[in-house]
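Take a look at the letters that make up each chain.
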Amino acid sequence: MAVSFVVPFRLVKSYYYTIIRTIVSSPQLNIELEMRRLNQRKQFTKTLDLFDKHQNRGTLTDRIIVQALKACTQLGSLERGQNIHKKLSSQLKNDIYVQTSLIHFYMQCGRVNDAQRVFDSCVNKNMVHYGAMMKGFIRNNMPEKSIETFKNADDQDAIVLGLLFNSCAQARTAEALDFGKRVWFSTSDIHRKHEYTVVTAFDMFIKCDDISNAEKVFNRMKRIVVTYGQMMKCYNDHDMPMKTINLYEKMKNEKIEANPIIFLLVISACAELGLESRCRLIASQIPSSMLSDPDLQTTLIHMWGKVACVKEAKQIFDQIDTPNCALYTAMINAYGLNGMGYDAIQLYHRMPAEMKNEKTHVCALNACSHSGLVNECRSIFAKISIKSNYIYTAMIDCLSRSFFFDEAKQLIEEFERHQPPYLLMYMSVLSGARNRNDVSLARQITQRIRQLGHVDNDNLASASVLFTNILASSGDLEEASQLRFEMEQSDRTHPRTEEIYDELHRIEKELIEHGHKFDSSWITREMMAGETVASILNSHSERLALAYNFIQRPVPPRIQIVKNLRICGDCHAAIKLISRIRRCEIFIRDANRIDHFSDGKCSCNDHF
């Protein structure tokens, strides 16, 4: 659920009417007051009817014109407002309140050029004029024009500063952020303490991804549940889940009550961290009154699925009488992530056909892929009428995992007859080729990827490892060795490094005693002096993480590891054996699935 954030423009409106006005004669005042009351009741047509009756009987005042233009604005009555504008006397055309009301009217009607003409005709412009123009540009999605208007103002007040920050937030460009930042840090302390200015500056930094300055403003502002939600969403969007959770704790300490949106953000952060204990703690703090919220239910199912607690996910799903599309999809995905392909397919077929969307199809296909259910995957794929790049990729991944490479390549060719190449399809084939040790296919796909000209940022880490393996398989051992060496250096920065590697040696000895043969085919660089096949494979990240868990006291009976790369064949075989030797459950989650290791077996049935 997206977090809504409303900047208090009511402060702008009230700003326009703060100057003491000259009291006019009683009949005119009564007309103006009655028009104001009608507008407040949203009876805008009656306001204009009253205006029509009065304009032929007496003198029109600026306040009467303002109320009439307000009614025209709310009704979107361009012609009516234009007629009022044409009949104005020179004196009224020079009135500040009439001028700003005309600017507002034209901007609301999308007539930016007409508003600009009114603004240009104003002789003695002040902050009210500039504010009206900036607000109008923002409404018409022209933030750059609003920023330029600000630059032309001789002076600034808190309201105009706030409108500038709103403009920068809407523009979301490096140039806009840089200018907004300079203005924020150079403005007076009085304005930097103004509620409207602070809130809009915070919004600017959040929307322009300037987390550091957003945090600084957040720490000095009056914090409410909405601003906490904004900061948490920013952290989640930038893969900083622990900061979201820490902020939730800070919120509790400040006695601010969390709403469903806050829990959605915190639950999402917990799912990303992948720590079961943290998930259980947060879930226990959700008030029962909120648990019927469909968005919250969906996010909880997703969270439990990500931490291998399928039972808890199913308990939530089974309590829902009429699940919606998001709930079905979340549960199918939870099954698929945890190697329960048949359960995922059964639920997919139970789901009403009209509810299924692209994401549902992808989750079902992925569930088949992670459980080796190739025929079932083919059947689902064939029945999908509109096939996107994500749907094709899921099918190709399933075929590649089970080594149906010719069929996978045919699907890529079929897709590219009508669509541009999609990198992830090739990455899926590469992963399968590496698992099969098919050097010829790896070389062929590598050449094709090089023709694409780039590697998508989201897959850069995975691609780095795959390219290293491909280079090694293709005989380019020098570059492969260098890349692998650079990646391995990052593994020796932990404060308990010595203990971790001592534990790795103990694990290595136990594996050998129980018959494990270290598979040198998963080594993609030349061995250096003093290295062994076992020492190189033991440096893989999941083994280092396992060793770290085993040096904890007490040793956790259930170990969870989160990584962004697929597990190699030797690590997969070794960890199955470790789960039996050490009598523990091990859960390894990568970008695509969760492997459950227990008593020498894995939930994927070796379709990793």
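As annotated in an unreviewed UniProt entry, the protein chain carries the name DYW domain-containing protein and comes from Adineta ricciae.

Where do I start with the pairing of strand β1 (residues 558–562) in this structure?
A regular strand places its side chains so that they alternate between the two faces of the sheet. Side chains I559 and I561 project from β1 onto a buried face, and the interleaved R558, Q560 and V562 project onto a face without burial. As paired strands, β1 and strand β2 (residues 585–589) are joined by 5 bridges and run parallel to one another. Considered in β2, the bridge of I559 is made with I586.

Quick question: what am I supposed to make of the pattern of salt bridges here?
Oppositely charged side chains are able to pair whenever their charged atoms sit close together. In total, this model carries 24 salt bridges according to the counting rule given. With its nearest N and O atoms 3.3 Å apart, the salt bridge here joins D203 to K207. With a gap of 4 residues between them, D203 and K207 both fall in helix α14 (residues 195–207), about one helical turn apart. Among the residues examined, D203 registers a relative accessible area of 2% and is labelled buried. Judged by its relative accessible area of 28%, K207 is partly exposed. What you see here is one network of salt bridges that share partners, running through E503, R506, E510 and R582.

So what exactly am I meant to see when it comes to helix α26 (residues 389–401) here?
One turn of an α-helix holds 3.6 residues; hence residues three or four places apart share an orientation. Taking 1.5 Å per residue as the helical rise, α26 with its 13 residues ought to reach 18 Å, and the 18 Å between its terminal C-alpha atoms agrees with that figure. Here α26 lies mainly inside the structure; 12 of its 13 residues are buried. Considered for burial, the residues of α26 that qualify are N389, I391, Y392, T393, A394, M395, I396, D397, C398, L399, S400 and R401. Elements in contact with the buried residues of α26: α24 (358–371), α25 (374–383), α27 (405–416) and α28 (423–436). Directly after α26, the chain includes F403, whose backbone phi takes a positive value near 70 degrees.

What's the story with the packing of helix α15 (residues 211–220) against helix α16 (residues 225–237) in this structure? I'm lost.
To describe two helices that pack against each other, one gives the angle between their axes and the distance between the axes. At their nearest, the axes of α15 and α16 sit 11 Å apart, and the two run at 160 degrees to each other. Classified by the interaxial angle, the pair formed by α15 and α16 is roughly antiparallel. The interaxial crossing formed by α15 with α16 has left-handed handedness. Within the contact between the two elements, α15 uses I211, A214, E215 and F218 and α16 uses T227, Y228, M231, C234 and Y235. Here the residues of the contact of α15 with α16 are counted per class, giving 7 nonpolar, 1 polar and 1 charged.

Would you mind going over unusual backbone geometry with me for this structure?
Negative phi values dominate among residues other than glycine, just as trans dominates among peptide bonds. Within the chain, R172 stands out as a residue other than glycine whose phi angle is a positive 55 degrees. Take R172: it is sitting in the loop between α11 (158–171) and α12 (174–186). With a phi angle near 50 degrees, D599 is a residue other than glycine that sits in the positive phi range. As for its placement among the helices and strands, D599 is situated in the loop between β3 (594–598) and β4 (601–602). Classification of D599 by relative accessible area gives exposed; the value is 53%.

So what exactly am I meant to see when it comes to empty space enclosed by the protein here?
In this approach a probe as big as a water molecule rolls over the atoms, and the regions it shows empty are the leftover space. As enumerated under the stated definition, the model contains 2 cavities of 30 Å³ or more in all. The calculated volume of the largest cavity comes to roughly 40 Å³.

Please clarify how the sheet that holds β2 should be interpreted in this entry.
Strand pairing within a sheet occurs via backbone hydrogen bonds; the two strands may be parallel or antiparallel. In space, the 4 strands of this open sheet follow the order β1-β2-β3-β4, with mixed pairing throughout. Every other strand in the sheet has two partners, leaving β1 and β4 as the edge strands with one partner each. With 2 bridges joining them, β3 and β4 adopt antiparallel strand pairing. Bridge pairing links F597 to C602 in β4. Packing against the sheet, helix α35 (residues 569–581) makes contact with β2, β3 and β4, and its axis sits at approximately 40 degrees to β3.

I would appreciate a short explanation of helix α32 (residues 497–513) in the present structure.
Between its first and last C-alpha atoms α32 spans 25 Å; for 17 residues at 1.5 Å apiece the expected length is 24 Å, and the two agree. Along its buried surface, α32 packs onto α33 (533–537), α34 (541–550) and α35. Downstream of α32 by one or two residues, G515 has phi in the positive range, about 95 degrees.

Quick notes on the rules
- Residues numbered from 1 in each chain as written.
- Predicted model: local features only at pLDDT ≥ 70, side-chain atom pairs only at ≥ 80, totals over all residues.
- Heavy atoms only, no water.
- Buried < 20%, exposed > 50% of the residue type's maximum accessible area, 1.4 Å probe, protein only.
- Helix = DSSP H or I, 4+ residues; strand = E, 2+ residues; numbered from the N terminus.
- Pairing = 2+ DSSP bridges.
- Salt bridge = Lys/Arg side-chain N within 4 Å of Asp/Glu carboxyl O.
- Expected span 1.5 Å × (residues − 1).
- Contact = heavy atoms within 4.5 Å.
- Axes fitted to C-alpha atoms, helices over the stretch in contact; angles between N-to-C directions.
- Parallel < 35°, antiparallel > 145°, perpendicular 65-115°, else oblique.
- Left-handed = near helix turned anticlockwise from the far one by under 90°.
- Nonpolar A, V, L, I, M, F, W, Y, C, P; charged D, E, K, R; others polar.
- 1 Å grid on protein atoms, 1.4 Å probe; cavity = no way out; pocket = protein on both sides within 12 Å on 5 of 7 lines; lining within 4 Å.
- Points joined across faces, edges and corners; volume = space filled by probe spheres on them.

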